[in-house]
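# Secondary and tertiary structure notes
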Amino acid sequence: MGKIVRALSADGSVLCSAINSTDIVSRIRQIHDTSATASAAAGRLITAASLMGAMMKNATDRLTVRINGGGAVGTITAVSDDMGNVKCSIDNPHADLPPNDKGKLDVAGIVGTDGYLAVIRDMGLKEPYSGQIPIISGEIAMDITQYYAVSEQIPTVCALGVLVDKDLSIKCAGGYIIQLVPPINESAIDYIEENIKDMQSVTEMLEKGLSPSDIALMGLKGLDGQILDEWEAGYYCGCSRERTERVLAALGKKELLKLAEEQPETELTCHFCDKKYRFTSEELIQIASNCTGGAQ
Ligand SMILES: [Zn+2]
């Protein structure tokens with residue numbers, strides 16, 4: 001399980017959330033068989049999604065972060081619930097690139113920089129809230145910062161990191177988000193700027209053995225930060241046979257009967273957890289018989 005910690009400055013004007021997402025990103029590697037660079041890209045996005053999801057208020061709220069910059073990995077989609085439990089899908093998890101000129105995994109290269117980052121918040125209202133910005137770096141953390149600045153007008157610092165071992169296992173992964181809570185306390189900004197200058201990269205801090213609590217409090221140094229809450233979050237996919245049947249039903253009667261005729265068995269694979277659901281022709285015909293109206 002990953003661990004999320006949230007800390008608040010004494011005056012309540014700055015919130016810092018930090019996560020150790022090593023286990024979550026390891027699940028990405030297992031489920032999607034990602035290359036080193038794809039692990040880093042999807043790992044950073046899911047880490048951000050988990051922290052952002054954990055800031056939502058209601059148990060039924062869902063947050064989706066999607067990035068596509070025209071790079072070889074294609075679209076990466078990460079979905080979080082209000083507790084930061086996350087799942088992700090990746091178009092081309094095997095895509096890989098040589099290291100960039102700094103000798104690091106080339107996340108910006110594999111994501112691409114010609115595209116968008118979108119955030120969709122489903123809060124059970126008629127229309128989900130969505131915001132979209134053009135990608136500015138492709139390294140993801142800076143794009144998340146930009147998203148908050150442009151789309152939500154919330155000054156934010158975001159840092160994300162995934163360290164992949166030689167055998168492609170995930171050595172460590174995590175991140176933090178520091179956010180100013182309105183009304184903005186201008187003097188807090190100076191402290192935060194100093195703090196982030198002093199902080200090492202997320203993976204360096206995790207490798208040194210720092211916990212998410214240590215990291216969250218470092219982000220609030222000088223502001224008398226206190227731990228607000230902490231809990232475990234994991235990779236979680238809520239798919240089921242029942243839900244898959246509803247996806248099939250949405251295809252409509254005609255399409256289902258065509259599938260039933262074409263092949264004795266139809267298999268659907270969940271893009272988020274790779275679980276396979278098989279339906280015989282008889283079962284498809286049964287689902288088709290329950291289809292009422294809608295798509296033909
Ligand atoms: Zn699933």
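On a predicted model such as this, the values are computed, not experimentally measured, just so you know. (Residues numbered from 1 in each chain as written. Predicted model: local features only at pLDDT ≥ 70, side-chain atom pairs only at ≥ 80, totals over all residues.)

### Topic: the overall build of the protein
Selection rule: Each helix corresponds to a stretch of at least 4 residues labelled H or I by DSSP, and each strand to a stretch of at least 2 residues labelled E; elements are numbered beginning at the N terminus. Each radius of gyration is computed over the set of C-alpha atoms, and the globule rule expresses the reference value as 2.2 Å times the number of residues to the power 0.38. A pair of residues counts as a contact when their C-beta atoms, built from backbone coordinates, are separated by no more than 7 Å.
Each helix and strand counted, the protein has ten helices and twelve strands in total. Here the C-alpha atoms of the protein give a radius of gyration of 21 Å, agreeing with the 19 Å that 2.2 N^0.38 yields for 296 residues. For the protein, restricting intrachain contacts to residue pairs at least 6 apart in sequence, the fraction spanning at least 24 positions comes to 67%.

### Topic: unusual backbone geometry
Heads up, the condition is: As a rule, residues whose C-beta atom has 12 or fewer other C-beta atoms within 10 Å are exposed, those with 20 or more are buried, and those in between are partly exposed; C-beta atoms are placed from the backbone.
With omega at -5°, the peptide bond leading from Pro-182 into Pro-183 counts as cis. Looking at the secondary structure, you find Pro-183 in the loop between β9 (170-180) and α5 (186-198). At Gln-153, a position not held by glycine, the phi torsion is positive, near 50°. Within the element layout of this structure, Gln-153 appears in the loop between α4 (141-151) and β8 (156-164). A residue is classified by how many C-beta atoms lie within 10 Å of it, and Gln-153, with 8 of them, is exposed. In this structure, Asp-224 is a non-glycine residue whose phi angle is positive, near 55°.

### Remarks on the sheet that holds strand β1 (residues 2-8)
Filter applied, for reference: Two strands pair under a simple rule: DSSP has to find at least two bridges between them. Here, axes are lines fitted to C-alpha atoms. For helices the fit covers the stretch in contact, and angles between N-to-C directions go from 0 to 180 degrees.
Strand order across the open sheet formed by five strands is β8-β9-β2-β1-β10, with antiparallel pairing between neighbours. Looking along the sheet, the strands with just one partner apiece sit at the ends: β8 and β10 (226-233). If you compare each strand with its neighbour and ignore which way they point, the axes differ by 10° on average. As defined by bridge partners, β8 adjoins β9 across nine bridges and the pair is classed as antiparallel. Residue Val-164 lies in a different strand from β9, and its bridge partner there is Ile-170. Along the sheet face, helix α2 (residues 36-53) touches β1, β2 (14-20), β8, β9 and β10 and points at about 145° away from the line of β8.

### Some thoughts on the pairing of strand β5 (residues 86-90)
Burial analysis of β5 places five of its five residues in the buried class, the great majority of the element. What you see with β5 is no split at all: Val-86, Cys-88 and Ile-90 on one side and Lys-87 and Ser-89 on the other are buried throughout. Bridging between strand β4 (residues 76-81) and β5 involves five bridges; their strand directions are antiparallel. Within the sheet, the bridge partner assigned to Thr-77 lies in β5 and is Ser-89. Hairpin connection from β4 to β5: four residues lie between these consecutive antiparallel strands, with Gly-84 at a positive phi of about 80°.

### A look at the packing of helix α9 (residues 253-262) against helix α10 (residues 281-290)
To characterise two packed helices, one gives the angle between the axes of the helices and the distance between these axes. For clarity, the threshold we go by: Throughout, the term roughly parallel applies to angles under 35 degrees, roughly antiparallel to angles over 145, roughly perpendicular to angles from 65 to 115, and oblique to all others. With the far helix as reference, a near helix turned anticlockwise by less than a right angle produces a left-handed crossing, and one turned clockwise produces a right-handed crossing. Under the grouping applied here, Gly and all other residues not named as nonpolar or charged are polar, the nonpolar ones being Ala, Val, Leu, Ile, Met, Phe, Trp, Tyr, Cys and Pro and the charged ones Asp, Glu, Lys and Arg.
Contact geometry of α9 with α10 gives a least axis separation of 9 Å together with a crossing angle of 170°. Relative to α10, the element α9 lies roughly antiparallel. In this structure, the crossing between α9 and α10 has a hand that is left-handed. Touching Lys-253, Leu-256, Leu-257, Leu-259 and Ala-260 of α9 are Ser-281, Leu-284, Ile-285, Ile-287 and Ala-288, all from α10. Of the residues contributing to the contact of α9 with α10, the split by class is eight nonpolar, one polar and one charged.

### Considerations on the domain arrangement of the protein
The cut-off we apply is this: Where each domain begins and ends is defined by an automated method or by a domain database.
Domain annotation for the protein reports domain 1 (2-233) and domain 2 (241-290). Taking the mean C-alpha position of each, domain 1 and domain 2 sit 35 Å from one another. Taken together, the contact between domain 1 and domain 2 spans four residues of the former and four residues of the latter. Looking at which element gives the most residues to the side of domain 1 that touches domain 2, the answer is β5, with three residues. For the side of domain 1 that touches domain 2, the class distribution of residues is two nonpolar, one polar and one charged.

### Examining helix α7 (residues 212-219)
For the α-helix, the turn length of 3.6 residues means that residues three or four positions removed from each other point alike. Of all eight residues in α7, six are buried; the element is thus mostly enclosed. Among the residues of α7, those classed as buried are Pro-212, Ile-215, Ala-216, Leu-217, Met-218 and Gly-219. Tucked into the core, α7 has its buried residues touching β1, β2, β9, α5, α6 (202-207) and β10.

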